[in-house]
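# Architecture at a glance
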Amino acid sequence: MISAAFDYVSARSVDEAVSALTEHGDDAKLLAGGHSLIPLMKLRLASPSVLVDVGRLRDLSYVRDTGDEIAIGALTRYRDLEINDRLQADLPIVAHVAGLIGDPQVRHRGTIGGSLAHGDAASDMPAVVLALDGTLVARGPRGERTIPAAEFFCGFLETALAPDEMLTEIRLPKATGAGWSYQKFRRRALDWAIVGVAAVRNGRTGVALVNMGSTPIRASAVERALASGSSIADAARLAADGTEPPSDLNADPEYRRHLAEVLVRRALEEADGAVTAQR
Amino acid sequence: MKLELTVNDTPHVAEIEPRTLLVHYLRDVLGLTGTKIGCDTSSCGTCTVLVDGESVKSCTVFAAQVNGAALTTIEGLAGDDGLNRVQQAFHDNHALQCGYCTAGMVMAAVSLLEEQPDPTEADVRGGLEGNLCRCTGYHNIVKAVLSCGRAAER
Ligand SMILES: Cc1cc2nc3c(=O)[nH]c(=O)nc-3n(C[C@H](O)[C@H](O)[C@H](O)COP(=O)(O)OP(=O)(O)OC[C@H]3O[C@@H](n4cnc5c(N)ncnc54)[C@H](O)[C@@H]3O)c2cc1C
Ligand code: FES
Ligand code: FES
């Protein structure tokens, strides 16, 4: 399968990328690892007339300790997250989940920024960033702004980014020693999650769901129940509250609701266990 | 656009359309047909090549994205002294039947062994999860890769 023709621009800086987006408007798209965009282009479900390649911006590939937070450059590839010592110490869930995405070849190309900007409800990293209550940093022609993860995912493959904005950094509160769990339910090793759950117990409890609606979402009812003292089992019963899970070859909505409850319970139990085990 | 790549230690310069996929450049322009196209949807891994030493699925990379990089394809593994050790291990362990997946499997295994020189069986199975084989049932492939680990040398 061959994509529609396009003009190719290799950006040498964020400013260059943003100017190219500004110049070409809606017809232009950023290209990071290409592991969401290229499959869509080959199927001609996406046909941008200009591709702005940001894949060479190695200075946007980093994991930095900024005090209470860890800052991750948008162009950091999954492979580099998976083996990062700082993440393994302070945000082990991020390193762990990076290692569960696709297969090694995908992890050598795909970037955390690309995954978030794509905003696919079936992707793993958006749920992790939601559960951690992260902040996203975007650069556009009018400068830089920050967007809370909870306000980032707006609709099916739609995010709060404007067409001329680029995601540059992801800021995540450290979760050193916190309980955490990621439950990815799938039939075969390299598959996407049929349903996934990210849970972090770090004073507050953050829980987010994969593939339970048109966007990555928080399990807000579960979080509220836990905050007001419910048991794990009772809170988990609310996992599918307010969700509209999709129907596809793998599962119908009812099965997904059931999975959500089971996986939220497992995730919260494992997160608690992890805390106990570390003490 | 102008593309400059080093493939199996040989520099190449070409004028390509930006939409040219890396696998098409390798097969159709350079004639390196050892790299196969199995699924064309980034699922099967037969198109795996190394870009700066790391495995990638060349059906899901535009050649333009790796402009300037050093690539290795299956044709680049064997030296004057014969097969590369992973190729030899596939041969010795009967790790192929029809052979369609083999080039991709070998390239994925080379990348895996680079990252984990001493893999366990679970590491090998996990490390090859992006490569499908319709013939062998994987058993001998795993055996071949394990035989390249340090543990096997001891
Ligand atoms: C075989 C296969 C299996 C996979 N399995 C999984 C899986 O199990 N779980 C999972 O979560 N994902 C999976 N993925 C998707 C993978 O995670 C993608 O790499 C990721 O979703 C996109 O990252 P990218 O860097 O490749 O982005 P690209 O494909 O380059 O871009 C994706 C979109 O985001 C935009 N974009 C990219 N970077 C930026 C930026 N910095 N600022 C603004 N916009 C930007 C692009 O314009 C495009 O619209 C799989 C992909 C493949 C091919
Ligand atoms: S042809 Fe590239 S993964 Fe199948
Ligand atoms: S040997 Fe036939 S597909 Fe693997």
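Residues numbered from 1 in each chain as written. Chains lettered and ligands numbered in written order. Predicted model: local features only at pLDDT ≥ 70, side-chain atom pairs only at ≥ 80, totals over all residues. Heavy atoms only, no water.

## Quick notes on the site of ligand 1
Taken together, the neighbourhood of ligand 1 is formed by 29 residues, with Leu30(A), His35(A), Tyr78(A), Thr111(A) and Asp124(A) sitting nearest. This site is not confined to one chain, since residues near ligand 1 come from chains A and B. Within the backbone of Leu30(A), a nitrogen or oxygen atom sits 2.6 Å from an oxygen atom of ligand 1. Within the side chain of Ser36(A), a nitrogen or oxygen atom sits 2.8 Å from an oxygen atom of ligand 1. Here ligand 1 has 970 Å² of accessible area as a free molecule, and 95% of this is covered by the chains. (Near = heavy atom within 4 Å. Polar contact = N/O pair within 3.5 Å; in protein donor to acceptor, adjacent residues only side chain to side chain. Areas by Shrake-Rupley, 256 points an atom, 1.4 Å probe, with all protein chains shown as cover.)

## Quick notes on the domain arrangement of chain B
Residues and elements named next belong to chain B. What the domain assignment lists for chain B is domain 1 (2-76) and domain 2 (85-153). Using C-alpha coordinates to define each centre, domain 1 is positioned 21 Å away from domain 2. For the pair domain 1 and domain 2, the number of links is 0 salt bridges. At the junction of domain 1 and domain 2, the tally comes to 6 residue pairs in polar contact (both at pLDDT 80 or more). (Domains from an automatic or database assignment. Salt bridge = Lys/Arg side-chain N within 4 Å of Asp/Glu carboxyl O.)

## Section: helix H9 (residues 220-227) of chain A
Of the positions making up H9(A), those classed as buried are Ala221(A), Val222(A), Glu223(A), Ala225(A) and Leu226(A). Where H9(A) ends, the next residue or the one after it, Gly229(A), has phi of about 95°, a positive value. (Buried < 20%, exposed > 50% of the residue type's maximum accessible area, 1.4 Å probe, protein only. Helix = DSSP H or I, 4+ residues; strand = E, 2+ residues; numbered from the N terminus.)

## Digging into the pairing of strand S2 (residues 10-15) of chain B
Residue and element names in this part refer to chain B. Inspection of the sheet shows strand S1 (residues 2-7) paired to S2 by 6 bridges, in the antiparallel sense. Across the sheet, residue Leu3 finds its bridge partner in S2, namely Ala14. Connecting the antiparallel pair S1 and S2 is a turn made up of 2 residues, with Asn8 showing a positive phi of about 50°. (Pairing = 2+ DSSP bridges.)

## Considering the sheet that holds strand S5 (residues 70-72) of chain B
Residues and elements named next belong to chain B. Read across the open sheet, the 5 strands follow the order S2-S1-S5-S3-S4; overall the sheet is mixed. Because the sheet does not close on itself, it has two edges, and the strands there are S2 and strand S4 (54-57). Sheet twist, expressed as the average angle between the axes of neighbouring strands with direction ignored, equals 40°. Here 2 bridges tie strand S3 (residues 48-51) to S5, and the two strands are oriented antiparallel to one another. Bridging from a neighbouring strand, Val51 pairs with Leu71 of S5. Helix-sheet contacts for helix H1 (residues 22-29) involve S1, S2, S3 and S5, and the interaxial angle to S1 is about 75°. (Axes fitted to C-alpha atoms, helices over the stretch in contact; angles between N-to-C directions. Contact = heavy atoms within 4.5 Å.)

## Details of the side chain of Lys184(A)
Residues and elements named next belong to chain A. In this fold, Lys184 is placed in strand S11 (residues 179-185). Here Leu100 takes part through its backbone oxygen, which lies 3.1 Å from a polar atom of the side chain of Lys184. Of note is the side chain of Lys184, whose polar atom sits 2.9 Å from the side chain of Asp124.

## Some words on the interface of chain A and chain B
Often, the extent of an interface is quoted as the loss of accessible area upon association of its parts. Across the contact, 31 residues belong to chain A and 31 residues belong to chain B. Carbon and sulfur atoms make up 55% of the surface buried where chain A meets chain B, a total of about 2,500 Å² over both sides. It is Gln105(A), His108(A) and Arg109(A) in chain A that bury the most area against chain B; as a group they hold 24% of the surface buried on that side. Remark: the boundary between chain A and chain B carries 5 salt bridges. Between Asp40(B) and Lys42(A) there is a salt bridge whose closest N-O contact spans 2.7 Å. No other element matches the 5 residues that helix H6 (residues 104-109) of chain A contributes to the side of chain A that touches chain B. Broken down by class, the residue content of the side of chain A that touches chain B amounts to 15 nonpolar, 7 polar and 9 charged. (Buried area = accessible area lost by both parts, 1.4 Å probe. Nonpolar A, V, L, I, M, F, W, Y, C, P; charged D, E, K, R; others polar.)

## Section: the side chain of Thr102(B)
Checked against the element boundaries, Thr102(B) lands in helix H3 (residues 102-115). Beyond its immediate stretch of four places on either side in the chain, Thr102(B) contacts Phe90(B) and Leu96(B).

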